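Here is how the chains run, residue by residue.
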Amino acid sequence: MTSSEQRLATIRGGVPPRRHNARTIAALTGNPGCTRRAVLDGAGVDKPLLAERIGFPAGFGQSRFAITRGNAFEAQVKADGGAELLRLVAERLGVPVPAVASWTDLGDGADAVDREQRSAALLAAALPAAMPDAAAPEAASSDGGRADEQVRPDEPAALFDHPLLGLDVAGRRVHLEPDLVAARLGGRFHVVEIKSFPVIDGQADPAKLAAAAVQSAVYVLALRELLAGNGHDPQLVSDEVVLVCPRDFANQPVAHLLDVRKQLLVVRRQLDRMARLDTLLTAVPADFTADPAADAATLVASLSQVPARYAPDCLASCELAYFCRDEARGQTGALGRPAREALGGITSVDEVLALAAGDRAVDPEQAEAAALLRAAARLRADALGASA
Ligand code: SF4
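Predicted model only: the values in this text are computed from it and were never measured. (Residues numbered from 1 in each chain as written. Predicted model: local features only at pLDDT ≥ 70, side-chain atom pairs only at ≥ 80, totals over all residues. Heavy atoms only, no water.)

## Re the overall build of the protein chain
Under the convention used in this document: The helix count covers DSSP runs of H or I at least four residues long, the strand count covers runs of E at least two residues long, and both are numbered beginning at the N terminus. Only protein chains enter the area calculation, which uses a 1.4 Å probe; residues under 20% of their type maximum are buried, those over 50% are exposed, and those in between are partly exposed. Throughout, a contact is declared for two residues whenever any of their heavy atoms are within 4.5 Å. Per-residue and other accessible areas follow the Shrake-Rupley method at a 1.4 Å probe size, with only the shown protein chains counted as cover for residues. Counting rule for charge: Lys and Arg are taken as positive, Asp and Glu as negative, and neither His nor the chain ends is counted. Here the site of a charge means atom NZ of a Lys, CZ of an Arg, CG of an Asp or CD of a Glu.
Helix and strand content of the protein chain: 15 helices and 10 strands. Taking all 388 residues of the protein chain together, the buried fraction comes to 44%. Sequence separation of 24 or more characterises 65% of the internal contacts of the protein chain that already satisfy a separation of 6 or more. Element-wise, carbon and sulfur atoms account for 55% of the exposed surface of the protein chain, whose accessible area totals about 19,100 Å². If the 41 positive side-chain charges of the protein chain are averaged to one point and the 50 negative ones to another, these points end up 3 Å apart.

Right, here's the structure in full:
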């Protein structure tokens, strides 16, 4: 065990680290500037348990109903060996629906390492065959990369149900299970995600869509690493993900393309940051602990020693959100990033109100913000006066 691993184990209180999944990795990108979160997630601390221990239990997570509904919709979409799914995906990609397609269920097997190895072997074997003509045009990727291995457009498709992929997160192997990987459609691999949130009049809930895009980017990254690790061009994995959702208020599936290039960069950057935990740990006091056996007061005092960057978005992505929101009460950061940035470095709400009321002397660097705040206060008073 390295000294960093020893330190992280001590932070956890000696309990085994909590396992990440695609959803929790995606959530890591929600507040990448938060040191508290990076350290706790890097150490594999059980944050829901920690939040409960300090009296601020997490208020989110998928309901049992949502999970059941999601599973039922996925089973419906994948019925008949994925025939309808294949048609949806091919049509959305703008390629002819293949007359022949293989279906491989990789969801079986209790041993994750075996499943990951089997998935890797079968996915690598499904690489589009090399074009016979070396002078064939390059298959350029939409993210500016280049698929060096040329592909034949007439190959039969191959669909892989629940392959098990892997990614290293803060030095630990994390297993990931996309709903489906389609190989050889349009000459590339495509991640296919099946979600049960509806698309109504062509519009989906923006927050759910954004979460699905980040989660899908995690799968794309893992699949690219798998290909690269087997000596193949990672750009053979498309950065366009096929998202399948129910249309309108019926259960009729509809496919959309999600461009996840931006999300890939964000996830990569955050994983790189997590890989440099040694650097983060230098800023963490030696006695910092998230040991669930410690008493609540010790845990609160300990957490307070590691800087956080609370923003309202935390409520949807981090189990410590209610604690951090309470801690950030009275600070402009709690109003959200736009408010914090617009207030140009004024951190306290009391200070903002004093500047708006003209009750205090203004530092030169706050002059512009103070003038804007006084103007806003005048406009508000006028508006209230007019409506009285
Ligand atoms: S809830 Fe707290 S620990 Fe979590 S990301 Fe937000 S500020 Fe950081």
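Moving on from the coordinates now.
## Examining the pairing of strand β4 (residues 157–161)
Put simply, the rule is: DSSP bridges decide pairing: two strands pair if at least two such bridges lie between them.
The buried fraction of β4 is high, at 5 of 5 residues. A two-sided burial pattern is seen for β4, the buried positions comprising A157, L159 and D161 on one face and A158 and F160 on the other. The pairing of β4 with strand β7 (residues 180–185) spans 4 bridges and is antiparallel. In the sheet register, L159 faces β7, and the bridge partner there is A182.

## Observations concerning the environment of R261
As a reminder of what qualifies: Any pair of nitrogen or oxygen atoms within 3.5 Å is treated as a polar contact; in protein, a donor-acceptor pairing is required on top of that, and neighbouring residues in sequence qualify only through side-chain atoms on both sides.
Mapped onto the elements of the fold, R261 is located in helix α9 (residues 261–275). Take R261: its relative accessible area is 35%, and that puts it in the partly exposed class. Here the side chain of R261 touches D259 through a polar contact of 2.6 Å, side chain to side chain.

## Thoughts on the domain arrangement of the protein chain
The criterion, for reference: Those domain boundaries reflect an automatic or database domain assignment.
Here the protein chain is partitioned into domain 1 (3–61 + 272–311 + 319–327), domain 2 (64–259) and domain 3 (339–387). If you average the C-alpha positions of domain 1 and of domain 3, the two centres end up 35 Å apart.

## Overview of the nonpolar core
Cut-off, in case you're wondering: Among the buried residues, those of types Ala, Val, Leu, Ile, Met, Phe, Trp, Tyr and Cys that are joined through side-chain atoms within 4.5 Å form a nonpolar core.
One finds I11, I25, L176, F189 and L320 to be the most contacted residues of the largest nonpolar core, which totals 76 residues. The biggest single contributor to this core is helix α8 (residues 206–229), with 12 residues. Inspection of this core shows a minimum of three residues originating in each of domain 1 (3–61 + 272–311 + 319–327) and domain 2 (64–259). Among all residues touching I11, those that are not within four sequence positions of it are V39, A43, V45, L281, F288, T289, A290 and D291. Ranked by size, the runner-up nonpolar core spans 18 residues in total, among them A182, L185, I194 and V244.

## Considerations on the sheet that holds β4
Note the cut-off: The axes are straight lines fitted to the C-alpha atoms, using for helices just the contacting stretch, and the angles between their N-to-C directions are given from 0 to 180°.
Reading across the sheet, the 6 strands line up as β1-β4-β7-β8-β9-β10 and stay open at both edges, with mixed pairing between neighbours. Two strands bound the open sheet, and with one partner strand each, they are β1 (101–105) and β10 (253–259). On average, each strand axis in the sheet is inclined to that of its neighbour by 25 degrees, with strand direction left out of account. Judged from the 4 bridges that link them, β7 and strand β8 (residues 188–194) form a sheet pairing that is antiparallel. Paired with V181 across the two strands is V191, which belongs to β8.

## Here we look at helix α3 (residues 35–43)
Among the 9 residues in α3, 9 count as buried, and that is most of the element. Taken together, the buried positions of α3 are T35, R36, R37, A38, V39, L40, D41, G42 and A43. Once α3 finishes, G44 follows within two positions and takes phi at roughly 75 degrees, a positive value.

## A word on the pairing of β8
Test applied: We call a crossover right-handed when, viewed with the strands running away from us, the connection from the first strand over the helix to the second turns clockwise.
Buried residues dominate β8, accounting for 7 of its 7 residues. Residues R188, H190, V192 and I194 of β8 are buried on one face, and the alternating residues F189, V191 and E193, pointing to the opposite face, are buried as well. Count of turn residues in the β7/β8 antiparallel hairpin: 2 residues, of which G186 carries a positive phi of about 70 degrees. When β8 meets strand β9 (residues 240–246), the two strands line up parallel, connected through 3 bridges. The partner of I194 across the bridge, within β9, is V244. On the question of chirality, the crossover connecting β8 to the parallel β9 by way of α8 is right-handed.

## Considering the environment of D350
As for its placement among the helices and strands, D350 is situated in helix α14 (residues 349–357). Taking the C-alpha atoms as reference points, D350 and G336, separated by 14 residues in sequence, lie 16 Å from one another.

## A closer look at the packing of aromatic side chains
Note the following rule: For Phe, Tyr and Trp, where Trp contributes only its six-membered ring, two rings pair if their centres lie within 6.5 Å, and the inter-plane angle classes them as stacked under 30 degrees, edge-to-face over 60, or tilted in between.
The full count for this structure, using the stated rule, is 1 aromatic pair. Centre to centre, the rings of F56 and F323 are 5.7 Å apart; their planes meet at 70 degrees, and the pair counts as edge-to-face. Taken as a pair, F56 in the loop between α4 (47–53) and α5 (64–77) and F323 in helix α12 (residues 321–327) lie far apart in primary sequence, 267 residues in all. On the basis of relative accessible area, F323 is assigned to the buried category, the value being 6%.

## Side note on helix α11 (residues 296–303)
Definition in use: The arc in question is the one spanned by the directions pointing from the helix axis to the C-beta atoms.
Those residues of α11 not exposed but buried are L299, S302 and L303. For α11, the buried positions fall inside an angular range of 95 degrees around the axis, keeping them on one side. Its side-chain oxygen at 3.2 Å from the backbone nitrogen of A297, D295 defines the N-terminal cap of α11.

## Structural notes on the site of the ligand
Operational definition: Any residue with a heavy atom lying within 4 Å of a molecule or strand is counted as near it. For cavity detection a 1 Å grid was placed over the protein atoms alone, and a set of points counts as a cavity when a 1.4 Å probe fits there but cannot get out; an open set counts as a pocket when protein lies on both sides within 12 Å along at least five of seven lines, with lining residues being those that have an atom within 4 Å of a point. The rule for placing a molecule in a cavity or pocket is simple: more than half of its atoms must lie within 2 Å of the grid points.
In the neighbourhood of the ligand, the contacting residues comprise N31, C34, R36, R37, A308, R309, Y310, C314, C318, L320, A321 and C324. The pocket occupied by the ligand, as judged from atoms lying within 2 Å of grid points, is the largest cavity. Where the shell around the ligand is concerned, the elements lending two or more residues are α3 and α12.

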